[in-house]
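# Reading the structure
Residue-level listing of the chains:
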Amino acid sequence: MRVPVSWLREYCDPGWDSDRLAERLALTGTEVERVSHAGAPSSEGFVVGRVTGVGPHPDADRLSVCTVDTGDGERTIVCGAPNVAAGQLVPVALPGAVLPGDVKLKKAKLRGVESDGMILSESELELGEDSDGIAVIDQDIAGSSGEPARRRAGARLARPGPAHRARPGTPLAEVVAVSDDVLELEVTSNRADCLAIYGVAREVHAISEASLADPPWSEDAEAAGEGAAVDYASVTVEVPELCPRFTARVFTGVTVGPSPIWLKARLVAAGQRPINNVVDITNYVMLLTGQPLHAFDLAQVPDGALVVRTARPGERITTLDGVERSLESDTVLVCDREKASGIAGIMGGAASEVSERTSRVLLEVATWDGVNILRTSRRLGLRSEASARFEKQLHPALTMRAQRIASRLLIELCGAKLVPGTIDAGEEPDPIEVTLRVPRVGRLIGLEIDAETCAARLERLGFGVRRNGDEIRATVPPERASDVSREADLIEEVARLGNLDTELPSTLPATRERIGRLTREQLLRRDAEDALRGIGADEIVGWSLAAPDLPERLRLPAGDPRRELVELSNPLSVEHSVLRPLLLASLLDAARLNLARGAEHVVLFESGHAYLRDGDRAGGELGGSFSGGHPAPVYEPHRLAYLASGEPPQRWRGEPVPYDYFAAKAALEALLGRLGLASEVEAAEQPFLHPGRSARLLVEGAAVGWVGELHPLVARDWDLAGGAAFEVDLAPLIAAAPSGGEPYHDVTTFPAVYQDVAVVVPDDVAAARVREVVLEGGGELLRSAEVFDLYRGEQVGENSKSLALRLSFQAPDRTLTDEEVGERRAAITAALERIGGSLRE
Amino acid sequence: MIERIEQIGGEATEAIGRAASTAELEELRVRYLGRKAELTTILRRIAELPADQRGPVGKAGNEVRRSLESLIDSRARELDAAEIEAALSEEGVDVTLPGSPPHPVGHLHLVTRTRRRIEEIMVGLGYRILEGPEVEIDYYNFTALNHPAGHPARMEQDSFYVAPGSLTKKALESARAASAGAGDDGATPDDELVVLRTHTSPMQVRAMEAEGPPLFIAVPGKCYRRDTIDATHLPMFHQVEGLAVAEDITLADLQGTLREMLRGLFGPGREARMRPHFFPFTEPSVEFDVSCFRCDGTGRLPDGSRCGLCKGIGWIEVGGAGMVDPNVFGFVAANGYDPERIQGFAFGFGIERMAMLLHGLPDLRLFVENDVRVLEQFS
């Protein structure tokens, strides 16, 4: 909403400059996006002049030499406009004035004749595109209704007819805003009343306590036309639930032409393009009151019969912007007997548009169902000044306000006659009353405000107020009806006018029953993330949104539950139309981006949700089981995933460690180690992993994730040469983690016995199996057995391998004897025999 | 005899002083103090001397022996230290080479880092941290937050909806039941039943369903809005929600809490300012600002120029807040949230926005691009 400050001040002027005005509005709930400027940088040097003589220029046919009375005497001004004539009141820029665009005017010789100023055209005033002729101040066409009508129009309705007040020398700013600040308001969806100049003025009044002019609709126009409105037109509302009120007035003898410059100036400053006086009046009244209007050329409406109905199946309409649009069954149309004329509340149609030939006008001012308007305008992708107001649900009482002001302006500016009577379909609901218990204000906001102050604030906002001690009964003004219906709403109104920024204390909640802490799960999740960071991985935040071909790209076979994607019904693009069923995809995307941008390698991890249609929700939030009465609609487990890819960094000594299965497993082990978990994996395939270099992670016997090298085809699809990754569910890891609850074992009182052994086993026996068997054979006394070397070669023969293990024997209650250790070794040897292995001496 | 002893002492002292290495010194020890050394022999044979000489000779011999031992020891320490010094001077390395193997240090994403900071501040203020689902039912995201069907605010935050066909029957039925239970005039159509949450606020209602007042929670998490990607919009972003509900929570408490939170993030001198605003689920509603930390809220830099961060205003908008709307409590009244008795505040803000302000990032897209050159700037 653009609010020209000069227009605003006409109704309420607190004497603040525009910046202060903007600041106070912002601090009381009306956000000001910016304060911009319209017209010339300053109004200094712009005056009204009267052309007293026009003579030819001695050396130029197109120029004339005028004498102009500018109050301080007559001056010679050279003018190129064909329409200049003696007797006209015209806008004049004197030497020294700065024109829009920062051009400073100087005395200048035009083809030999010195011009002492400039008579301005509309384009020079930035009021329109008309630069052919000068703007003439008194050439409005109100003549037919005569001066008395204009006087009746009253000081606060519009600028008084300039001709009455303007004299040579009158500062031009008193006639037309040559230089104006414009407040660009960002109005919240509950405040349709601030989409109106008078509404903003009321707000300024409430904030500043400066006086507020009477509403511009307080006086109606004189109905001097013949007959009655119903003789000219009829209105049938077929859908009263979508059109709570439809009012129409009829005007005869309308002369359509350009609007006077004061009106044009206001529309332009408010961001509207002047069209003709009738249309300009409807726009002007909408800007003033917040209630949109629509003018019909009554001659173009067969029998003057208007019908409000919803669209028929397949119905189409061409709107004023020249676009043909197809309509839905709940689109409300304003129609004549034959066809739809416009989309109700959003945009009129071309057929009954007011034109220069129009002499009879039907003025529609209606109330529409806001939700329906919002829906329709969204669906059609068609927003207008009107729909922006209607969608916020206007009150039916506003219609007659607009009719009254528009009637007076049509009479004044278009010479129209108002036909008696208003066609009025629908009715005005009774005003609502809301009770405010004053102590509730202090209780809610933490600052006592007395009843008198509360009442005064509400009154300034236009509420009818009856006070009974600490109880205030407030009648809600119609323009606030959609926003204020409860006590809390009144408290807000009272509070927001109270200089919250300076008066409200800053306190902390006094409630004692509260404890802030991270849960065990939250702490361990941090530990898990930190473990991966600790081994050099960079955390990413990947897109949850993915493309639907992801399962194909990951080679997921039919029947894989991860093919059953959670799909969006209204995505912005195909690329972001489903939710990722696993985190790996995000890591692959990030790896590709970085390698394409010149990185030689990436080591990445992510901590976040995967999205599946269903799953086993165990383990609280991390396992997709959240607070609340209704479960989450899809299964969103929290996962950790890791990917290393690219050329591993060359170091100045030692060999680069390749990003292979074991690199990913080391990362996984770092994570598990941080949580205090043992690494237990078994060979298992994933469609997107190398079939011989992939495994599943087991926690308490259940698979909770995978680790492995990327399948070359998958790597290739992401432009990667290879890489290794893992992805694990965090909930079961953390559930199993002893972290924080580890029991103590005595390992210091009695010494341990260390022995390195080499175990020769057939090639196909997994290292984990060897270790398991060794531990089994070692029994309780064997505290640990770690594989530290692998050898294949002549010494162990074909199809066999030798694994070196470091064994540590220890007892908590005694020093072990050689005999005891020897016994355990024998038992280990025996156990190994069962899997075809032997100890190499 | 005593003369000879003193002579040996003199000779040895001189030789020890001349010794140039620990090896040479060891030779001297053997020569003068060893089993076959002359002094040792003299002392061993002291019994063979006449009785009157035994005492003085023994005394002189032992004195010389002790003094030589001590001389050798101290000379040995000197030589040992010198020899180590000499060896060290030859063992120097180029200390500017990288560690080996280089111990890599990774980086938390800036969102995670900022989220953790906020969590810590909130925990310190007595809040617990909760998380909620990102795919949410319409009831929690809108209806129970006082956005009735067709409410403009509901459409304003353009939302992503989940296609009903990709939901399990059970999920769909549960979402329908929630919607129907809310007593909407028109039941929400199936294709608007499940939404990618547009804010973290749905957890307000979930949390109040799960436990009664008093309730102090903060909820970080991902949110989604149907915004086209540009420098200031992302369809996926992160928010933190705060909710404090008890019998006596006030708007002034909200201001104090915001101030503490903003001080935790932006530094001890910061102030919070609230401007009335509108949100359907709070009444009164406010937007809140932090006093600019570049110009200290003055709008002017030390050189007198306009502060570019706050655009000369002295305040930077950071989030939305307000007192929980009684209608919201109405949805959980059965859980102890009687709107006549219970009141509270809620606030929310974007994590990315905070991080951008804190670190001067110019473009939201940097958060989802995951360029390691950007990630690695924040350790």
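Residues numbered from 1 in each chain as written. Chains lettered and ligands numbered in written order. Predicted model: local features only at pLDDT ≥ 70, side-chain atom pairs only at ≥ 80, totals over all residues.

## Quick notes on helix α14 (residues 487-496) of chain A
With nine of its ten residues buried, α14(A) lies for the most part within the structure. Among the residues of α14(A), A:Ala488, A:Asp489, A:Leu490, A:Ile491, A:Glu492, A:Glu493, A:Val494, A:Ala495 and A:Arg496 are the ones counted as buried. (Buried ≥ 20, exposed ≤ 12 C-beta atoms within 10 Å, placed from the backbone. Helix = DSSP H or I, 4+ residues; strand = E, 2+ residues; numbered from the N terminus.)

## A few points about the environment of A:Gly620
All names here are of chain A. Tracing the backbone shows Gly 620 in the loop between β30 (601-609) and β31 (638-646). Classification of Gly 620 by C-beta neighbours within 10 Å gives partly exposed; the count is 18. When residues no more than four places from it in sequence are discounted, the contact partners of Gly 620 are Glu 521, Ser 625 and Ala 731. (Contact = placed C-beta atoms within 7 Å.)

## Comments concerning the interface of chain B and chain A
Contacts between the two partners involve 93 residues from chain B and, on the opposite side, 90 residues from chain A. Looking at the side of chain B that touches chain A element by element, the count peaks at eight residues for helix α10 (residues 251-266) of chain B. Tallied by class, the residues present in the side of chain B that touches chain A amount to 53 nonpolar, 20 polar and 20 charged. (Nonpolar A, V, L, I, M, F, W, Y, C, P; charged D, E, K, R; others polar.)

## Observations regarding the confidence of the model for chain B
Summarising the model, chain B shows a mean pLDDT of 91, and 97% of its residues fall at 70 or more. For this predicted complex, the interface confidence score (ipTM) comes to 0.88, while the overall pTM stands at 0.87. (pLDDT = per-residue confidence, 0-100.)

## Remarks on the sheet that holds strand β25 (residues 464-468) of chain A
Residue and element names in this part refer to chain A. Taken together, the three strands give an open sheet; going across it, the order is β24-β26-β25, and neighbouring strands pair in antiparallel fashion. Among the strands making up the open sheet, the edge pair consists of β24 (433-437) and β25. Taken over all neighbouring pairs, the strand axes of this sheet differ in orientation by 20 degrees on average, direction set aside. Of the strand pairs in this sheet, β24 and strand β26 (residues 471-475) are connected by five bridges, and their pairing is antiparallel. Note on β26: the bridge partner recorded for Val 434 is Ala 474. (Pairing = 2+ DSSP bridges. Axes fitted to C-alpha atoms, helices over the stretch in contact; angles between N-to-C directions.)

## A look at the packing of helix α1 (residues 2-18) of chain B against helix α4 (residues 51-90) of chain B
Relative placement of two packed helices is described by the angle separating their axes and the distance separating the axes. Residue and element names in this part refer to chain B. Two elements in contact, α1 and α4, have axes whose closest approach is 9 Å; the angle formed by their N-to-C orientations is 5 degrees. Accordingly, the angle class assigned to the pair α1 and α4 is roughly parallel. In this structure, α1 contributes Ile 2, Ile 5, Ile 8, Gly 9, Ala 12, Thr 13 and Ile 16 to the contact, and α4 contributes Pro 56, Val 57, Ala 60, Gly 61, Val 64, Ser 67, Leu 68, Leu 71, Ile 72 and Arg 75. Of the residues belonging to the contact of α1 with α4, the class tally is twelve nonpolar, four polar and one charged. (Parallel < 35°, antiparallel > 145°, perpendicular 65-115°, else oblique.)

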